[in-house]
Amino acid sequence: MNIFSSLDQSIENIRKKMTVAQLAAFVSALVFGIIAHGYVLFNRLSYHDNSNSLFSLGATYEVNRWGLGIISDLQRLSTKTYAVPVFNGVLSIIIIAVCASLVAGMFKIKSRVAGAMIGAIMCVYPVVTSIFSFMFTSWPYFLALLLSILAAYVYRDDKKYAVIYSAVFLALSLSIYQAFLGVTATLLLLFLLVSALGGNIRDAKAYFLTGGKYLLGLGIGIGLWALSAKVFKTLKGVQSIEYKGWDEGYKISEFPDRLVEALREFFMFRVDEMNSLRYLRILTAAIFVIGIVLVLIRLVRANINGAVKVSSLVGITLLPIGMNIIYLLSTADKYIVDTMMLYADIFVYVLPIIIIDRTDSGAGDTTLIAKISSCLSGLVLICISVITIGYTYYDNGAYLKASMQQEAAVAYFTELVANIKGSENFSDDMPIVFVGMTNLADGTIAEVANNEELDGIVLEKYYDNLLDMLRHGGSISFMRDHIGFGNEKVSEDDDDIIAMKEVQEMPVYPNAGCFKTIDGKLVVKMGEIDD
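Residues numbered from 1 in each chain as written. Predicted model: local features only at pLDDT ≥ 70, side-chain atom pairs only at ≥ 80, totals over all residues. Heavy atoms only, no water.

Draft legend 1. Seen up close, the overall build of the protein chain. What the protein chain contains, in helices and strands, is 20 helices and four strands. For 531 residues, the compact-globule estimate of 2.2 N^0.38 gives 24 Å, and the C-alpha radius of gyration of the protein chain, at 26 Å, lies within 12% of that figure. A principal-axis box enclosing the C-alpha atoms of the protein chain has dimensions of 90 × 60 × 50 Å. For the protein chain, the proportion of its 531 residues judged to be buried stands at 52%. (Helix = DSSP H or I, 4+ residues; strand = E, 2+ residues; numbered from the N terminus. Rg over C-alpha atoms; globule rule 2.2 N^0.38 Å. Buried < 20%, exposed > 50% of the residue type's maximum accessible area, 1.4 Å probe, protein only.)

Draft legend 2. View of the side chain of Ser175. Its place among the elements puts Ser175 in the loop between helix H8 (162–174) and helix H9 (181–197). Apart from the residues lying within four places of it in its own chain, the contact partners of Ser175 are Asn64, Arg65, Trp66, Gly67, Leu68 and Trp225. (Contact = heavy atoms within 4.5 Å.)

Draft legend 3. Fine view of the environment of Leu215. Position of Leu215 relative to the elements: it lies in helix H10 (residues 204–236). Through-space distance from the C-alpha of Leu215 to that of His37 is 36 Å; in sequence the pair is 178 residues apart.

Draft legend 4. Focus on a nonpolar patch on the surface. Taken together, Tyr161, Ile164, Tyr165, Val168, Leu172, Leu216, Ile220 and Leu224 make up a surface patch of nonpolar side chains, about 700 Å² in accessible area. Listed by contribution, the elements that provide at least two residues to the nonpolar patch are H8 and H10. Tallying contributions element by element places H8 first for the nonpolar patch, with four residues. (Patch = residues over 30% accessible without salt bridge, like charges linked within 9 Å, V, L, I, M, F, W, Y side chains within 5 Å. Areas by Shrake-Rupley, 256 points an atom, 1.4 Å probe, with all protein chains shown as cover. Salt bridge = Lys/Arg side-chain N within 4 Å of Asp/Glu carboxyl O.)

Draft legend 5. Spatial organisation of unusual backbone geometry. At the junction of Tyr509 and Pro510, the peptide bond is cis and its omega measures out at 10° in the coordinates. Of note, Pro510 is situated in the loop between helix H20 (501–504) and strand E3 (515–518). Within the chain, Lys108 stands out as a residue other than glycine whose phi angle is a positive 50°. With respect to the helices and strands, the residue Lys108 is situated in the loop between helix H4 (85–106) and helix H5 (112–124). Using a relative accessible area of 47% as the deciding quantity, one classes Lys108 as partly exposed.

Draft legend 6. Main features of the pattern of salt bridges. Summed over all chains, the structure comprises ten salt bridges. Across the pair Glu261 and Arg258 runs a salt bridge whose closest N-O atoms are separated by 3.9 Å. Linking Glu261 with Arg258, this pair stays in helix H11 (residues 255–268), spanning three residues, or about one helical turn. For Arg258, a relative accessible area of 12% corresponds to the buried category. Note that Lys501 is salt-bridged to Glu505, the shortest N-O span being 3.9 Å. In this structure, Lys501 and Glu505 share a single accessibility class: exposed.

Draft legend 7. How the structure looks around the packing of H4 against H5. Packing of H4 against H5 brings their axes to within 9 Å, and their N-to-C directions diverge by 140°. Taken together, the axes of H4 and H5 are oblique relative to one another. In this structure, H4 meets H5 at a crossing whose hand is right-handed. The residues of H5 that touch H4, namely those facing Ile93, Ile96, Cys99, Ala100 and Val103, are Ile118, Gly119, Met122 and Cys123. (Axes fitted to C-alpha atoms, helices over the stretch in contact; angles between N-to-C directions. Parallel < 35°, antiparallel > 145°, perpendicular 65-115°, else oblique. Left-handed = near helix turned anticlockwise from the far one by under 90°.)

Draft legend 8. Local environment of the nonpolar core. With 169 residues, the main nonpolar core has Phe107, Met122, Tyr343 and Phe434 as its most contacted residues. It is helix H16 (residues 368–421) that contributes the most residues to this core, 17 residues altogether. Apart from residues lying up to four places away in sequence, Met122 is in contact with Ile96, Cys99, Ala100, Val103, Val128, Ile149, Tyr343 and Ile346. Residues Val503, Met506, Ile518 and Ile529 belong to the second largest nonpolar core, which totals nine residues. (Core = buried A, V, L, I, M, F, W, Y, C linked by side-chain atoms within 4.5 Å.)

Draft legend 9. Region of the structure containing the environment of Met323. Relative to the elements of secondary structure, Met323 occurs in helix H14 (residues 319–323). Considering only alpha carbons, one finds Met323 and Leu454, 131 residues apart in sequence, at a separation of 28 Å.

Draft legend 10. Region of the structure containing the packing of aromatic side chains. Scanning the entire structure with this criterion turns up 26 aromatic pairs. For the ring pair Phe267 and Phe269, a centre distance of 6.2 Å and an interplane angle of 90° mean the geometry is edge-to-face. What links up through ring pairs into an aromatic cluster is the set Tyr125, Tyr141, Tyr177, Phe180, Tyr343, Tyr349 and Tyr391. (Phe/Tyr/Trp six-rings, centres within 6.5 Å; stacked < 30°, edge-to-face > 60°.)

Draft legend 11. Spatial organisation of the pairing of strand E4 (residues 521–525). Among the five residues in E4, four count as buried, and that is most of the element. Where strand E1 (residues 432–435) meets E4, four bridges bridge the pair, whose relative direction is parallel. Paired with Val433 across the bridge in E4 is Val523. Joining the antiparallel neighbours E3 and E4 is a turn of two residues, in which Asp519 adopts a positive phi near 50°. (Pairing = 2+ DSSP bridges.)

Draft legend 12. A look at the packing of H5 against H16. Look at H5 against H16: their axes get within 9 Å of each other, and the N-to-C directions meet at 35°. Where H5 crosses over H16, the handedness of that crossing is left-handed. Between H5 and H16, the residues in contact are Met117, Ala120, Ile121 and Val124 and Leu381, Ile384, Ser385, Ile387, Thr388, Tyr391, Thr392 and Asp395, respectively. Each residue belonging to the contact of H5 with H16 can be placed in one class, and the counts come to eight nonpolar, three polar and one charged. (Nonpolar A, V, L, I, M, F, W, Y, C, P; charged D, E, K, R; others polar.)

Draft legend 13. Up close: the state of the cysteines. Scanning all chains against the criterion turns up zero disulfides. In this structure Cys383 is a free cysteine whose sulfur lies 13 Å from that of Cys375, the closest cysteine sulfur available. (Disulfide = S-S within 2.5 Å.)

From the geometry alone we can't say anything about function, so treat these as descriptive.
Dropping the structure here:
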């Protein structure tokens, strides 16, 4: 047997271990991934940090992302780091497909249709679209998602040392991107529920001991991540930076308010505005309500200990908190939860699929509750199918909006540069200072992507209007990388320049007098100066 034969055999062994549902989940994620995200894979969209992080993975050790830092270091020593959409995007989709397959395997999904639905929704969920606005670091982020799922997956067969394995996987996930903690927490709550429904938990004591074991794994994982972060910062000689309030202490007194916020945001079913379209919001609410009803029906009919049923109700009430646990991670005023951080809410759609797949209704079961369960199952699957297609369409709409704004931004900055070069006293060796870019206000701008049809696309990483894109802090990088303007002599918001009265009195672009030569520097006033 040569090495190719050995590789073929290894692949065949993996294929044999995968169930038809896992294979369906994997393939479905790949197919829907291309349909939903093909545009961003084969085009370059420079949004948010992607404008000035074409050759880096962004902040790493200084924001406790030591795993991301290690990946960055390895890439710099080998392949170098590029924000290449085809490679990063396709690899991301493959990782999501693996994640979907693991979820199907963790809950022992039997139906290939159920597996396909899980794979599809996990790939078209608009959180993926938001993460793709950070294409430069997309695949490491989805690697963090995979690790967060593995942190729960290791418990599936009650493996020895599962708590330790889970803690290690969770620490690795958090070291790349902290937002997927909710995925692990929600999966463990769902696995606890499914184990109880399947009769694998004998009594209430066993239920809470199992839950305690899961909680212990979460605690050890978080502690291991935090301790490792301190070690790596010491080794690298870096200090924590002020980042969304992560550097501030936790105020226990504010925990109740954050808990209320987490629950309020969940039950609004808007998910950080990405369900801004009414039909998406209504469908999401309907899926959640029907899913909980199906769980309760399954719980009532299950032949399990009564105390376990009551204990399971406690676990069910914790699901919204588990999905939105990200809201509880900081009490800092600067801490903001955005679309990229809410992937755990996807289990609103996955939960009913798991319950329906695990419900065995005999052909002769004609009781009223069985008929109600059957009707609700059909209805919720229709809702999930519609919302999957809706999200796929929504994703493409987001990319259309981004493309329109980017094209307009390129044209706008091209005209700006032409006006700068045509201004009085301009020379190609003089420093250029932009002032007030974040307050840019130009009455001539036509909001090309601001109309009734696109108003419903409200993803935090995709600008609401062209002005927001032009004002973004990466504007100079955008000009440099898209129109070739902006060397080391181009800067923004020089404090000495801003303090000058004559600069403060200058008109703003594109009004006459917005360009002025001061001390050998060409000052370009784009907007009013903040006090």
